[in-house]
Amino acid sequence: MLARGDDISSHVETIAGVARQYGYRDGTADQALFCKPWSVGEDDTIYVTDLGNKRIRMVDGCGTVRTLAGSGNKGLVDGQGRSAAFTALVDITQSANKSIFYITDDNCIRTIDMDGNVITIAEQQAEGLTDGHCSEAKFIFPQQIACRSGDDETLYVADYHNDAVREVSLNTRNVRTIAGGKGAGSCNGAIEAATLNHLVGITIDSKGCIFVCDRENQKIRIISSTMETMTTLVGCGEEGLVDGNGTLHS
């Protein structure tokens with residue numbers, strides 16, 4: 001089921017799907033079924049990574065749910081619409097110019113356009129921590145993607161099991177590790193020495209600072225816009241639900 005919340009009123013409404021039911025069915029929002037919807041990307045239409053169904057689904061402004069891509073069979077197959085196949089869909093993030101979406105699928109980075117054409121840009125299915133051209137680079141279960149547009153449009157990827165932030169140049173198709181990748185840890189300071197522990201979320205602000213959700217460290221960390229240092233924004237390293245000031249609370 002998909003739901004939308006209002007930050008001001010705290011009101012939550014169902015967008016699509018049926019509560020406590022899972023499956024695969026396109027159609028009107030109140031009749032459509034999902035199976036482990038994982039991430040959403042949104043413009044005038046909502047795009048969903050439907051993990052359990054191995055499909056990309058969409059909900060239009062009229063509340064109609066349809067499948068944009070995916071056969072439902074497990075695999076790494078490029079193509080259009082239902083001829084494409086996915087393995088383990090996680091995140092979907094819209095490009096800066098809003099023409100395509102970037103997807104994390106198993107150990108790969110893929111794209112999908114509004115017509116459902118799926119193309120794999122970082123295609124190594126084997127696990128690893130390897131920088132270089134997209135055809136050779138390796139990830140281990142990449143999670144969320146963030147993108148920004150500048151002289152060189154770039155993706156930033158939370159590489160979960162590599163404990164690393166990876167950078168993908170969309171112009172040169174080159175991948176490099178900008179932080180972490182040295183084993184689990186929680187060291188701040190110079191970016192070369194910084195360590196992380198199972199990243200799940202990543203975003204970029206208007207100044208170019210990168211914020212990452214460092215799951216096992218129970219912290220939100222910041223990479224400076226110059227890519228020179230890492231600091232902790234919030235979280236003391238302990239589990240809990242405690243409001244308060246910065247690193248003093250969990």
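Predicted model only: the values in this text are computed from it and were never measured.

**Student:** How do you make sense of the pattern of salt bridges when you look at a structure like this?
**Tutor:** Proximity of charged atoms lets side chains of opposite charge pair with each other. Counted according to the given criterion, the structure contains 10 salt bridges. For Arg166, the salt bridge identified is with Asp131, shortest N-O distance 3.0 Å. Of this pair, Arg166 sits in strand E16 (residues 164-169) while Asp131 sits in the loop between strand E12 (117-122) and strand E13 (132-133); the two residues are 35 residues apart in sequence, bridging distant segments of the chain. Its relative accessible area of 35% is what places Asp131 among the partly exposed residues. Across the pair Arg221 and Asp214 runs a salt bridge, and its minimum N-O distance is 2.6 Å. As far as the burial class goes, Arg221 and Asp214 line up, both buried. Connected through shared salt-bridge partners, Asp26, Asp50, Arg57 and Arg82 make up one network.

**Student:** Just checking my understanding: could you explain the pairing of strand E9 (residues 89-94) for this structure?
**Tutor:** Where a strand is regular, its side chains alternate between the two sheet faces. Where burial is concerned, most of E9 is hidden: six out of the six residues are buried. In the sheet, E9 pairs with strand E10 (residues 100-105) via four bridges, with the strands oriented antiparallel. Of the residues in E10, the one forming a bridge with Thr93 is Tyr102. In this structure, the hairpin formed by E9 and E10 is closed by a connection of five residues, where Lys98 is found at a positive phi of approximately 65°.

**Student:** Can you help me understand the environment of Val40 in this one?
**Tutor:** Residue position: Val40 is located in strand E4 (residues 37-42). By relative accessible area, Val40 is classed as partly exposed at 48%. Between the C-alpha atom of Val40 and that of Arg57, which follows or precedes it by 17 residues, the distance is 9.5 Å. Filtering out sequence-adjacent residues up to four positions away, Val40 remains in contact with Ile46, Tyr47, Val48 and Ile92.

**Student:** What is the right way to read the packing of aromatic side chains from this model?
**Tutor:** Describing an aromatic ring pair means giving the distance of the ring centres and the angle of the ring planes. Summed over all chains, the structure comprises two aromatic pairs. Centroid distance Tyr47 to Phe101: 4.5 Å. Interplanar angle 45°. Geometry classified as tilted. Here Tyr47 is found in strand E5 (residues 46-50), whereas its partner Phe101 is found in strand E10, with 54 residues between them in sequence. The two residues Tyr47 and Phe101 agree in class, both being buried. Residues Phe141 and Tyr160 carry aromatic rings whose centres are separated by 6.1 Å and whose planes lie at 85° to one another, so their mutual orientation is edge-to-face. Placement of the pair is Phe141 in the loop between E13 and strand E14 (142-148) and Tyr160 in the loop between strand E15 (154-159) and E16, with a sequence separation of 19 residues. Taking the relative accessible area as the measure of exposure, Phe141 reaches 29% and is therefore partly exposed. Its relative accessible area of 10% is what places Tyr160 among the buried residues. The ring of Phe34 is capped by Arg57, whose NZ or CZ atom sits 4.7 Å from the centre of that ring. Across from the ring centre of Phe139, 4.6 Å away, lies the NZ or CZ of Arg166, which sits over that ring.

The rules we used
Residues numbered from 1 in each chain as written. Predicted model: local features only at pLDDT ≥ 70, side-chain atom pairs only at ≥ 80, totals over all residues. Heavy atoms only, no water. Salt bridge = Lys/Arg side-chain N within 4 Å of Asp/Glu carboxyl O. Helix = DSSP H or I, 4+ residues; strand = E, 2+ residues; numbered from the N terminus. Buried < 20%, exposed > 50% of the residue type's maximum accessible area, 1.4 Å probe, protein only. Pairing = 2+ DSSP bridges. Contact = heavy atoms within 4.5 Å. Phe/Tyr/Trp six-rings, centres within 6.5 Å; stacked < 30°, edge-to-face > 60°. Lys NZ or Arg CZ within 6 Å of the ring centre and 35° of its normal.

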